[in-house]
Number of protein chains: 2
Amino acid sequence: MASTPAQPVPARAHEPETWALRALSTASAEASGALARRMRMHPTDVSAMSHIAASDGRLGPRELSGRLGITPAAMTDVVDRLEAAGHLQRRRDTTDRRRVCLVPTESAVSEVRGQLRRLLDRLDALTEEFTPAERDAIQRYLAAATEAYHGFTTEDD
Amino acid sequence: MASTPAQPVPARAHEPETWALRALSTASAEASGALARRMRMHPTDVSAMSHIAASDGRLGPRELSGRLGITPAAMTDVVDRLEAAGHLQRRRDTTDRRRVCLVPTESAVSEVRGQLRRLLDRLDALTEEFTPAERDAIQRYLAAATEAYHGFTTEDD
DNA sequence: TCCATATGTTTAGGTCACTTAACTATATGG
DNA sequence: CCATATAGTTAAGTGACCTAAACATATGGA
């Protein structure tokens, strides 16, 4: 079943939060895989549809390929798959006829939103158990952790 | 640069922590990619080495393929690559000669540990900014969030 | 003891999501 | 109006995965 990462338990000598973050990363990666499986789509295609469904309808293949970290050529394949599956339509941009707008279909938007909501509702529910002061600390911690990961990513070797 | 996920900003109507978790997931996925790139290895191979480096030296291909969510046949390819790169050795188990033990080389262990430490140290450092009570809340939240992701993953459709 | 069955690993062959490079079409500034 | 840049696609190739089958070893019961 597991379709993604799965990290080993780190070898002691780190903070409990650090272990917890690694477990969290693994769990969230597995959830992404589960989401894709449930929608019977490739993980890349789900990511693409998430962006498209949240866009203003003017998102094009080039911009999207950059966001997903794949080449424009690969993006053509992704869009081909999504269009064939009836999840979106290509529409020529009227003002710049080089551009293509990726317009999600009604059904695709509601399916993406619906499936995502199952996850996001679960996450929303977590906050009920915490006081406002605790929630403030949690939010600060999550932001700092995100920044720490980002710092590691952009760290020069 | 971006080699992984990258989620869109969710469309409102959710808790700040929920948005923060999605940003965190994206950031951690990108960090995993950066880790692999820095070690000049495939993401799968890095995951494999993480498990092997943290093992008791008796970890075999079948068990590891299960942990990584790939088939045993694919695992053979992974082990071939890692062995060719000098990161591990295959050793026949003496008590059950069907089994192969994946023994990491000295250099591989120190490289994996060294690179991982750069990340884990960053994460450890985060905790300094919080009080013990806040840290307790953070730890509870992280555990609950992990469980929420896991619940979503195993949710029957 | 010997065989049926189960388990760990590898081999063989195929698939498909990606890559790079080249091509078409459109935009734009000098 | 042409040189150059940009959006998108096509073409050809690569490699990390898959399924299926083979092989080696273990194990429990007749």
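Everything quoted here is computed from the prediction, not taken from an experiment.

Basis of the calculations
- Residues numbered from 1 in each chain as written.
- Chains lettered and ligands numbered in written order.
- Predicted model: local features only at pLDDT ≥ 70, side-chain atom pairs only at ≥ 80, totals over all residues.
- Heavy atoms only, no water.
- Contact = heavy atoms within 4.5 Å.
- Buried area = accessible area lost by both parts, 1.4 Å probe.
- Salt bridge = Lys/Arg side-chain N within 4 Å of Asp/Glu carboxyl O.
- Polar contact = N/O pair within 3.5 Å; in protein donor to acceptor, adjacent residues only side chain to side chain.
- Helix = DSSP H or I, 4+ residues; strand = E, 2+ residues; numbered from the N terminus.
- Nonpolar A, V, L, I, M, F, W, Y, C, P; charged D, E, K, R; others polar.
- Near = heavy atom within 4 Å.
- Buried < 20%, exposed > 50% of the residue type's maximum accessible area, 1.4 Å probe, protein only.

Q: Help me out: how do you make sense of the interface of chain A and chain B in this one?
A: Accessible area lost upon the coming together of the parts serves often as the stated size of an interface. If you look at the interface, chain A gives 66 residues, while chain B gives 65 residues. Together chain A and chain B conceal approximately 6700 Å² of surface at their shared face, both sides included; 62% is due to carbon and sulfur atoms. Three residues stand out in chain A for area buried against chain B, namely Arg38, Tyr149 and Phe152 of chain A, and they jointly supply 10% of the buried area on that side. There are twelve salt bridges connecting chain A and chain B. Between Arg135 of chain B and Glu15 of chain A there is a salt bridge; the shortest N-O distance is 2.9 Å. Here chain A is connected to chain B by 28 residue pairs in polar contact (both at pLDDT 80 or more). Every element with two or more residues in the side of chain A that touches chain B is listed here: helix 1 (16-38), helix 2 (43-53), helix 3 (61-68), helix 5 (106-126) and helix 6 (132-154) of chain A. The element that contributes the greatest number of residues to the side of chain A that touches chain B is helix 1 of chain A, accounting for 17 residues. Per-class residue counts for the side of chain A that touches chain B are 33 nonpolar, 16 polar and 17 charged.

Q: Whenever I open this one, the protein's contact with DNA strand C confuses me. Can you help?
A: Every one of the 23 residues lining DNA strand C counts as a neighbour, but His42 and Thr71 of chain A together with Arg62, Arg90 and Val100 of chain B are closest to it. Considering DNA strand C, the proportion of its atoms within 4 Å of the protein that are sugar or phosphate atoms stands at 73%. A distance of 2.9 Å separates a phosphate oxygen of DNA strand C from a polar atom in the backbone of Arg97 of chain A. A distance of 2.6 Å is found between a phosphate oxygen of DNA strand C and a backbone nitrogen or oxygen belonging to Arg62 of chain B. If you list the elements that add at least two residues to the surface near DNA strand C, you get helix 4 (72-84) of chain A together with helix 3 (61-68) and helix 4 (72-84) of chain B. Here the surface near DNA strand C takes five residues from helix 4 of chain A, the largest share from any one element.

Q: Is there a simple way to explain the protein's contact with DNA strand D in this structure?
A: Close contacts around DNA strand D come from 22 residues, with Pro61, Arg62 and Arg90 of chain A together with His42 and Thr71 of chain B the closest. Close to the protein, within 4 Å, the atoms of DNA strand D belong to sugar or phosphate groups at a rate of 72%. Within the backbone of Arg62 of chain A, an N or O atom sits 2.7 Å from a phosphate oxygen of DNA strand D. In the environment of DNA strand D, a phosphate oxygen lies 2.8 Å from a nitrogen or oxygen atom belonging to the side chain of Thr71 of chain B. Those elements that provide at least two residues to the surface near DNA strand D are helix 3 and helix 4 of chain A together with helix 4 of chain B. Here the surface near DNA strand D takes four residues from helix 4 of chain B, the largest share from any one element. Taken together, the residues that form the surface near DNA strand D break down as seven nonpolar, six polar and nine charged.

Q: Got a minute to help me understand the side chain of Ser28 of chain A in this structure?
A: As for its placement among the helices and strands, Ser28 of chain A is situated in helix 1. Judged by relative accessible area, Ser28 of chain A falls into the buried class, the value being 6%. Within polar-contact distance, the side chain of Ser28 of chain A engages the backbone oxygen of Ser25 of chain A at 3.1 Å. If sequence neighbours within four positions are ignored, Ser28 of chain A has contacts with Ser25 and Tyr149 of chain B.

Q: So what exactly am I meant to see when it comes to the pattern of salt bridges here?
A: In a structure, side chains of opposite charge can pair up when their charged atoms sit close to one another. A complete count under the given rule lists 26 salt bridges over all chains for this structure. Among the ionic pairs, Glu155 of chain B bridges to Arg122 of chain A, the shortest N-O distance being 2.8 Å. Remark: Arg122 of chain A occurs in helix 5 and Glu155 of chain B occurs in the segment after helix 6 (132-154); the pair is interchain, linking two chains. Using a relative accessible area of 31% as the deciding quantity, one classes Arg122 of chain A as partly exposed. Across the salt bridge formed by Asp136 of chain A and Arg140 of chain A, the nearest N and O atoms sit 3.2 Å from each other. Placement of the pair is Asp136 of chain A and Arg140 of chain A together in helix 6, with a separation of four residues, close to one helical turn. You can call Arg140 of chain A partly exposed: its relative accessible area is 35%. When salt bridges with common partners are traced through the structure, they connect Arg38, Arg118 and Arg122 of chain A together with Glu155 of chain B into a single cluster.

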